[in-house]
Amino acid sequence: MTAAVLFQKVSRHFGNVRAVDGVDLSIAEGEFFAMLGPSGSGKTTCLRLMAGFEQPTDGHIEIFGETAEGVPPYRRNVNTVFQDYALFPHLSILDNVAYGLMVKGVGREERRKAAEDALAMVKLPGYGVRKPGQLSGGQRQRVALARALVNRPKVLLLDEPLGALDLKLREQMQEELKSLQKSLGITFVFVTHDQGEALSMADRIAVFNNGKIQQLGTPEDIYKRPQTRFVADFVGSSNVLSSATLAKLGISAGAASLRPEAIQIGTSWAELLTLSGTVVACSFLGAVNRITVDCDGQRIIISAPAAMPVPEQGANITLAFSRNDMHVMEQA
Amino acid sequence: MSAVTHQSILPERSGLARRLSDFLWRHPHVLLLILLGPPVLWLGIIYLGSLLALLLQSFFSIDDFSGLINYEFTLATYKQLLIPANFDIILRTVVMAALVTLASAIIAFPIAYYAARYAKGKWKAIFYLGVMLPLWSSYLVKIYAWKLILAKEGIVTWALTKLHLLWLLDAWLALPVVGGNSLSISYTGTFIVFIYVWMPFMILPIQASLERVPGNLIEASADLGGNPAQTFKYVLFPLALPGIVAGSIFTFSLTLGDYIIPQVIGSSRLFIGQAVYAQQGTAGNIPLAAAFSVVPIVIMGLYLWMAKRMGAFDAL
Ligand SMILES: Nc1ncnc2c1ncn2[C@@H]1O[C@H](COP(=O)(O)OP(=O)(O)OP(=O)(O)O)[C@@H](O)[C@H]1O
Ligand SMILES: [Mg+2]
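Please read all numbers here as calculations on a predicted model, not as lab measurements.

**Quick look at the overall build of chain A**
Scanning chain A from terminus to terminus reveals nine helices and 18 strands. By principal-axis analysis of the C-alpha atoms, chain A measures approximately 75 × 45 × 35 Å. The buried share of chain A, taken over its 332 residues, is 52%. Put simply, 64% of the contacts in chain A that link residues at least 6 apart link residues at least 24 apart. By element, 49% of the accessible surface of chain A is carried by carbon and sulfur atoms, the whole surface being about 14,900 Å². If the 34 positive side-chain charges of chain A are averaged to one point and the 34 negative ones to another, these points end up 5 Å apart.

**So, helix H5 (residues 121-136) of chain B**
Residues and elements named next belong to chain B. Between its first and last C-alpha, H5 extends 22 Å over 16 residues, near the 22 Å set by a 1.5 Å rise per residue. At Gly130, H5 shows its largest bend, some 30°, and a proline, Pro134, comes one to four positions later. Of the positions making up H5, those classed as buried are Lys124, Phe127, Val131 and Pro134. The inward-facing, buried residues of H5 abut helix H4 (84-117), helix H6 (139-150) and helix H9 (187-211).

**Details of the sheet that holds strand E11 (residues 239-242) of chain A**
Residue and element names in this part refer to chain A. With antiparallel pairing, the three strands of this open sheet are ordered in space as E11-E12-E18. Edge strands, defined here as strands with exactly one partner in the open sheet, are E11 and strand E18 (326-328). Along the sheet, successive strands turn relative to each other by an average axial angle of 30°, direction set aside. Strand direction decides the pairing type here: strand E12 (residues 255-258) and E18, joined by three bridges, are antiparallel. By the bridge assignment, Ala256 is partnered in E18 with Val328.

**Description of the interface of chain B and chain A**
Listed per partner, the contact involves 19 residues of chain B and 22 residues of chain A. Summed over the three residues of chain B that lose the most area to chain A, namely B:Glu219, B:Asp223 and B:Leu224, the buried surface amounts to 38% of that side. Linking chain B with chain A are one salt bridge, by the criterion used here. Here B:Glu219 makes a salt bridge to A:Arg48, at a shortest N to O gap of 2.8 Å.

**With respect to the domain arrangement of chain B**
All names here are of chain B. What the domain assignment reports for chain B is domain 1 (11-70) and domain 2 (80-315). Taking the mean C-alpha position of each, domain 1 and domain 2 sit 33 Å from one another. Each side of the interface is counted separately: domain 1 has nine residues, and domain 2 has nine residues. Summed over both partners, the interface of domain 1 with domain 2 comes to about 670 Å²; 81% of that surface belongs to carbon and sulfur atoms.

**Details of the environment of A:Arg204**
Residue and element names in this part refer to chain A. By the secondary structure assignment, Arg204 is in strand E9 (residues 204-209). Assessed through its relative accessible area of 23%, Arg204 is described here as partly exposed. Distance in space between the C-alpha atoms of Arg204 and Ala28 is 9.9 Å, their sequence separation being 176 residues. Setting aside anything within four residues of it in sequence, one finds Arg204 in contact with Ser26, Ile27, Ala28, Glu31, Phe32, Phe33, Ala34, Leu216, Gly217, Thr218 and Pro219.

**Let's talk about the site of ligand 1**
Residue and element names in this part refer to chain A. The full set of residues close to ligand 1 is Phe14, Val17, Ala19, Pro38, Ser39, Gly40, Ser41, Gly42, Lys43, Thr44, Thr45 and Glu160. Taking Gly40, its main chain carries an N or O atom lying 2.7 Å from an oxygen atom of ligand 1. For ligand 1, whose unbound accessible area comes to 640 Å², protein coverage reaches 61%. Among the elements that make up the shell around ligand 1, the one with the highest residue count is helix H1 (residues 43-51) (three residues). Split into classes, the residues belonging to the shell around ligand 1 amount to four nonpolar, six polar and two charged.

**What about the packing of helix H1 (residues 16-26) of chain B against helix H2 (residues 28-57) of chain B?**
Residue and element names in this part refer to chain B. Closest axis-to-axis distance for the H1/H2 pair is 5 Å, and the angle between their directions is 105°. As summarised for this structure, H1 and H2 are arranged roughly perpendicular, according to the angle between their axes. Mapping the contact onto sequence places Phe23, Leu24, Trp25 and Arg26 in H1 and Pro28, Val30, Leu31 and Ile34 in H2. The class makeup of the residues in the contact of H1 with H2 is seven nonpolar, no polar and one charged.

**Remarks on the sheet that holds strand E7 (residues 155-159) of chain A**
Residue and element names in this part refer to chain A. Strand order in this open sheet of six strands is E6-E7-E8-E3-E9-E10, and the pairing throughout is mixed. Strands with a single pairing partner mark the edges of an open sheet, and in this sheet they are strand E6 (78-81) and strand E10 (212-217). Taking each pair of neighbouring strands and ignoring which way they run, the sheet shows an average axis angle of 20°. Pairing of E9 with E10, which is carried by five bridges, proceeds in the antiparallel orientation. Each residue of the ladder has a partner; that of Val207, found in E10, is Gln215. Most of the contacts of helix H5 (residues 167-184) go to strand E8 (residues 187-192), to which it runs at about 155°, and overall it touches strand E3 (32-36), E7 and E8.

**Looking at the layout of surface pockets**
Residue and element names in this part refer to chain B. Space inside the largest pocket adds up to approximately 530 Å³. Lining the largest pocket are 19 residues, and of these Leu102, Leu241, Ile244, Ser248 and Tyr303 sit closest to its centre. Of all the secondary-structure elements, those providing two or more residues to the lining of the largest pocket are H4, helix H11 (228-257) and helix H14 (286-309). At seven residues, H11 tops the list of elements feeding residues into the lining of the largest pocket. Partitioning the lining of the largest pocket into residue classes produces 17 nonpolar, two polar and no charged.

**Points about the packing of aromatic side chains**
Within this structure, the stated rule accounts for 22 aromatic pairs over all chains. Seen in terms of ring centroids, B:Phe59 and B:Phe73 are 5.1 Å apart; in terms of plane orientation they differ by 20°. Their pairing is stacked. A residue pair is termed long-range when its members are at least 10 positions apart, and B:Phe59 in the loop between H2 and strand E1 (61-62) and B:Phe73 in the loop between strand E2 (69-70) and helix H3 (76-81) qualify at 14 residues. Aromatic ring contacts, followed pair by pair, group B:Phe109, B:Tyr113, B:Tyr118, B:Phe232 and B:Phe237 into a single cluster. A cation sits over an aromatic face here: A:Lys154 above A:Phe64, 4.4 Å from the ring centre. The ring of A:Tyr223 has A:Arg259 lying over it, and the distance from NZ or CZ to the ring centre is 3.6 Å.

**Observations regarding the pairing of strand E14 (residues 273-284) of chain A**
Residue and element names in this part refer to chain A. Direction of pairing for E14 relative to strand E17 (residues 316-321): antiparallel, over a ladder of six bridges. Among the inter-strand pairings, Leu275 is bridged to a residue of E17, identified as Leu319. With six bridges connecting them, E14 and strand E15 (residues 288-295) associate as antiparallel partners. When the bridges of E15 are listed, Phe284 appears paired with Asn289.

Rules and cut-offs
Residues numbered from 1 in each chain as written. Chains lettered and ligands numbered in written order. Predicted model: local features only at pLDDT ≥ 70, side-chain atom pairs only at ≥ 80, totals over all residues. Heavy atoms only, no water. Helix = DSSP H or I, 4+ residues; strand = E, 2+ residues; numbered from the N terminus. Buried < 20%, exposed > 50% of the residue type's maximum accessible area, 1.4 Å probe, protein only. Contact = heavy atoms within 4.5 Å. Areas by Shrake-Rupley, 256 points an atom, 1.4 Å probe, with all protein chains shown as cover. Lys, Arg positive; Asp, Glu negative; His and termini not counted. Charge placed at Lys NZ, Arg CZ, Asp CG, Glu CD. Expected span 1.5 Å × (residues − 1). Bend = angle between axes of the 7 residues up to and from the residue. Pairing = 2+ DSSP bridges. Axes fitted to C-alpha atoms, helices over the stretch in contact; angles between N-to-C directions. Buried area = accessible area lost by both parts, 1.4 Å probe. Salt bridge = Lys/Arg side-chain N within 4 Å of Asp/Glu carboxyl O. Domains from an automatic or database assignment. Near = heavy atom within 4 Å. Polar contact = N/O pair within 3.5 Å; in protein donor to acceptor, adjacent residues only side chain to side chain. Nonpolar A, V, L, I, M, F, W, Y, C, P; charged D, E, K, R; others polar. Parallel < 35°, antiparallel > 145°, perpendicular 65-115°, else oblique. 1 Å grid on protein atoms, 1.4 Å probe; cavity = no way out; pocket = protein on both sides within 12 Å on 5 of 7 lines; lining within 4 Å. Points joined across faces, edges and corners; volume = space filled by probe spheres on them. Phe/Tyr/Trp six-rings, centres within 6.5 Å; stacked < 30°, edge-to-face > 60°. Lys NZ or Arg CZ within 6 Å of the ring centre and 35° of its normal.

Laid out in structure tokens, this is it:
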């Protein structure tokens, strides 16, 4: 099957800034693909390469098997939901949504109907007569989504579309986006720097750093088996055990990751690995307590259910975890 | 003494300036009155007052025998505007102003677009200098310079001769209305110089309005399938329209009122400005001069009303 989007050794340099540096990826049709990474890691530039706003300095891009280099944005059946919405301020919401159909020459009545359907789909029926300035941030964001989806693109690019929303609306929109994607079967490429969002929504995730893909895999892969220290650090605060700590456990390796929730306190069965350390800090996070322990200079964070008794600060405790929950990383 | 204090409210400082600023802070209306009073008086009495006086003059008439002004309300002077000789002047001026405005907008847009979207740093400075520089030199000097440029022995004729394109100029000058003996005594010459002189007033407002169009709107249009022509028509032009209208108000009204350019460069047929000048000067017919000068005001009023009706200010 041809990939929806294919990058072969794609680079985009601005002077001596390597915004995107030798990226290889292949996004399958109908996939929900997330690009995760810290600020400045090249996610937006990757998206702009797909949309056609940037041309690669090097490498090759294909969209559904067709070469994309040199093809202007208006000839790509790819639509973008911009980070700051980019709604046309002088047009009504209905005309904004119908814009893509209008420039393609769809008749007035037909595009009005399609735009109204799209607005209903994003739960904004009857808002067509307003201007973008009369909507809230969350509503504008839905309009931007409707404006892109009304064109039935082959690939939908979303650049941190939920960035401006409050937590509740954000979670609601995450679910809506996911179910929309399922029902429409459109390939979504979703940029975010929120690891929770990427993990909960995506079929596969590419973790970016400095213009390069650090790791590409399913959310479970990325979360449980981070391949580099960067991924372990960035995707949900995983503990990275140093080689000295690993030596104490009888393992010789450069580094290994250990999830905070995989560690138990006090219990020590024969088959579990154990470490002892001093409690440095404790914080209450609602459902869990976050306990920071110092084991001879190695900081380890434990996430313990709130129902468990909380150890005193300065107390000496024993940490126990299974060898299987520890993931040895290929590179430090 | 240390600058850090532990008091929560600082003591009042002495000095007249201090007390005054405290007083004004507590009575912001007084400050507003002081700031706005003089300009409002100026605007109300001297500016609008003289305009009103002008308007009144146009409702008087002149006694044909004595040449004295007859201070009785009459519309006779306005009726005089409609006699063919006078009406031609009005028509000529309005058509010229409209053409100058249209051509200025067409020439100014790409320049303004480049300046707003692409020019950065040094190039932006060069742009502003290039646009403003002509405004720094005397208006008369520029016009007389243009007279030389456009004259029969001038550089335009010379350059076209060298390029073996003189026949083109000759063909143009042979045309009925726009032609003439040479560019400097034809309507074409007047037109060119008007465009040159008013160009900054068109470029700057368009540039300012384009500057406020976020770049991602243009990308959004392309993303949704709009080709460059469609993006211009549906996004760029509507958003730049307030700037174009602002610029056209300048070029249109300045052309309507100017009396020097058509006098120095052009056929000897009169424009409104020249008619006003002649009526109030040599002819001594103040009411007719006043009536003539009311014409541009009325035309501009109509123009703005139409622009508003057509939605030119909707994007403001
Ligand atoms: N037009 C440009 N000119 C020069 N440098 C650029 C340009 N666009 C991006 N960059 C640089 O490329 C790098 C990657 O930028 P990009 O916008 O792709 O980051 P991002 O991952 O989307 O970050 P964020 O999460 O903050 O949006 C940054 O260092 C940025 O400064
Ligand atoms: Mg970005």
